[in-house]
Amino acid sequence: MSMHDTAREHDELAFGVMGTDAHVIVVRGPLGLCKQAAARLASLEATWSRFRPDSELSRLNAAAGRPVVVSELTYAVIARAVDAWERSGGAFDPTVLPALAASGYDRDYATMDHEARIAEAQAGSGHPLPPGAGVVELDPIVRAVRLPGGVALDLGGIAKGVAADLVVAEMRASGAEGACVNIGGDLRVSGASPSGPAWAVEIEREPGPAASGAAPGVAVLVGGGIATSSCRRRVWRRGSEQRHHIIDPRTGRSAHLRWSSVTAIAGCAGDAEPAATAALMSPDAAHATTALGAFGAVGLAFDQTGRAHELGAIGPFLAAMA
């Protein structure tokens, strides 16, 4: 989509943020809105990144059992993560950070050596079981959060989803007739698209045959959020073992999954992201559909052979790939 015309019917900008690629589109909005959105996302990354020792999240994780007063936005995203843990029955768990680090994902993914054997941080180091977000203490009166000793949060994908929702809302409030924010596949759209009232969003496909009767390829949305959770996105080796970033809270290790990826469509990206993760952890299509339903979402799952499975009433959103 070119946006070099003088009228600026739409503008767009691609950039890196939150450890991934981002893409912002503004339809008939004020000049400079894309750059403002990029700056806003960079600010949110500085606040919520677990890889920055000076971030608000890192300071909370280092507080060793002490309550910490956090900003309104940080409190809101942590409360959102705790709620997602409850709605998913623990399948989405923001307390997996120590287990994730023990598995080797202890630095920004872009800096990891994915081919080399990554030495264990400690001889015989284990994989701590996540305690579950029920141990997170929230005080809404003073916006304080307390994590018990040994507990740390990884806001990860849900932070990307919430950030996409937030920035789209801010662009619309600034006068854009339509807006899209895509942060590494966590995407939110609202209002008019560059080509009409609906947005056509390409679904991340796995290699293999499509399910009979399904037409996966493009999701058509007039508004809402979409997110894909996949065990193939962030993969590395530790010793002789291949690992990925989807941690099974029951074992503290990379999960053994029925699905290769799940794409969820929900009312917002902040719901679509944990819904996709919860469905990815499900053992079959029926449980995956129920997991999505807890977030008001529908979805499309690809099994390990590449076959597509519709989860819930996603059919009306799907259009065949041209």
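Here's what I pulled together on the structure shown here. Keep in mind that what you see is a predicted model, and the values were worked out from it rather than measured. (Residues numbered from 1 in each chain as written. Predicted model: local features only at pLDDT ≥ 70, side-chain atom pairs only at ≥ 80, totals over all residues. Heavy atoms only, no water.)

Attention shifts here to the pattern of salt bridges. Taken as a whole and assessed by the stated rule, the structure comprises 10 salt bridges. Among the salt bridges present, the one from Glu-45 reaches Arg-52, with a minimum N-O distance of 3.6 Å. Overall, the relative accessible area of 16% leaves Glu-45 in the buried class. Under the relative-accessibility criterion, Arg-52 is labelled partly exposed at 32%. Put simply, Arg-80, Asp-83, Arg-87 and Asp-271 are held in one network by salt bridges that share partners. (Salt bridge = Lys/Arg side-chain N within 4 Å of Asp/Glu carboxyl O. Buried < 20%, exposed > 50% of the residue type's maximum accessible area, 1.4 Å probe, protein only.)

A few words now on the packing of helix H5 (residues 156-173) against helix H6 (residues 269-280). H6 packs onto H5 with a crossing angle of 160° between their chain directions and a minimal axis gap of 7 Å. Considered as vectors, H5 and H6 are oriented roughly antiparallel to each other. In this structure, H5 meets H6 at a crossing whose hand is right-handed. Contacts between H5 and H6 involve Gly-157, Ile-158, Gly-161, Val-162, Ala-164 and Asp-165 on the former and, on the latter, Ala-269, Gly-270, Glu-273 and Pro-274. Of the residues in the contact of H5 with H6, the class split is five nonpolar, three polar and two charged. (Axes fitted to C-alpha atoms, helices over the stretch in contact; angles between N-to-C directions. Helix = DSSP H or I, 4+ residues; strand = E, 2+ residues; numbered from the N terminus. Parallel < 35°, antiparallel > 145°, perpendicular 65-115°, else oblique. Left-handed = near helix turned anticlockwise from the far one by under 90°. Contact = heavy atoms within 4.5 Å. Nonpolar A, V, L, I, M, F, W, Y, C, P; charged D, E, K, R; others polar.)

Backbone geometry places Arg-28, a non-glycine residue, at a positive phi of 45°. Structurally, the position occupied by Arg-28 is in the loop between strand E2 (20-27) and helix H1 (33-48). Looking at Arg-28, the relative accessible area reads 33%, which means it is partly exposed. Positive phi, normally seen in glycine, also occurs at Arg-143, with a value near 60°. Given a relative accessible area of 32%, Arg-143 falls into the partly exposed group.

Another aspect to go through is the pairing of strand E6 (residues 178-183). The element E6 is extensively covered by neighbouring structure, given that five of its six residues are classed as buried. One ladder, built from six bridges, connects E2 with E6; its direction is antiparallel. Paired with Val-26 across the two strands is Ala-179, which belongs to E6. Two successive antiparallel strands, E6 and strand E7 (residues 186-191), enclose a turn made up of two residues, where Gly-184 displays a positive phi of approximately 60°. (Pairing = 2+ DSSP bridges.)

Okay, the side chain of Asp-303 next. With respect to the helices, strands and loops of the structure, Asp-303 is situated in strand E16 (residues 298-303). Looking at Asp-303, the relative accessible area reads 8%, which means it is buried. At 2.6 Å, the side chain of Asp-303 and the side chain of Thr-305 are in polar contact. There is a polar contact of 2.9 Å between the side chain of Asp-303 and the side chain of His-309. (Polar contact = N/O pair within 3.5 Å; in protein donor to acceptor, adjacent residues only side chain to side chain.)

Moving on to the sheet that holds strand E3 (residues 68-69). Pairing is antiparallel in the open sheet, where three strands are placed in the order E3-E5-E4. Among the strands making up the open sheet, the edge pair consists of E3 and strand E4 (137-139). One ladder, built from two bridges, connects E3 with strand E5 (residues 144-146); its direction is antiparallel. Opposite Val-68, over in E5, you have Val-145 as the bridge partner. Helix H3 (residues 72-87) contacts E4 and E5 of the sheet and is inclined by roughly 135° relative to E4.

Before going further, it helps to examine the environment of Phe-51. The topology assignment puts Phe-51 in the loop between H1 and helix H2 (56-61). Residue classification places Phe-51 among the partly exposed positions, given a relative accessible area of 32%. Expressed as a C-alpha distance, the spacing of Phe-51 and Gly-19, which sit 32 residues apart in the sequence, is 9.7 Å.

This part is about the nonpolar core. Within the largest apolar cluster, 64 residues are counted, with the highest numbers of intra-cluster contacts made by Val-24, Leu-41, Met-171 and Val-181. Leaving out residues up to four positions away in the same chain, Met-171 has contacts with Val-24, Ile-25, Val-26, Leu-33, Ala-37, Ala-176, Ala-179, Cys-180 and Val-181. In terms of nonpolar packing, the next biggest core, distinct from the first, is built from 19 residues, Ile-25, Val-189, Leu-221 and Ile-226 among them. (Core = buried A, V, L, I, M, F, W, Y, C linked by side-chain atoms within 4.5 Å.)

Let us look at the packing of H3 against H5. H5 packs onto H3 with a crossing angle of 125° between their chain directions and a minimal axis gap of 10 Å. It follows that H3 is oblique to H5 by the angle criterion. As H3 runs across H5, the sense of the crossing is right-handed. Contacts between H3 and H5 involve Leu-73, Val-77, Arg-80, Ala-81 and Ala-84 from the former and Ile-158, Ala-159, Val-162, Asp-165 and Leu-166 from the latter. For the contact of H3 with H5, a count of residues per class yields eight nonpolar, no polar and two charged.

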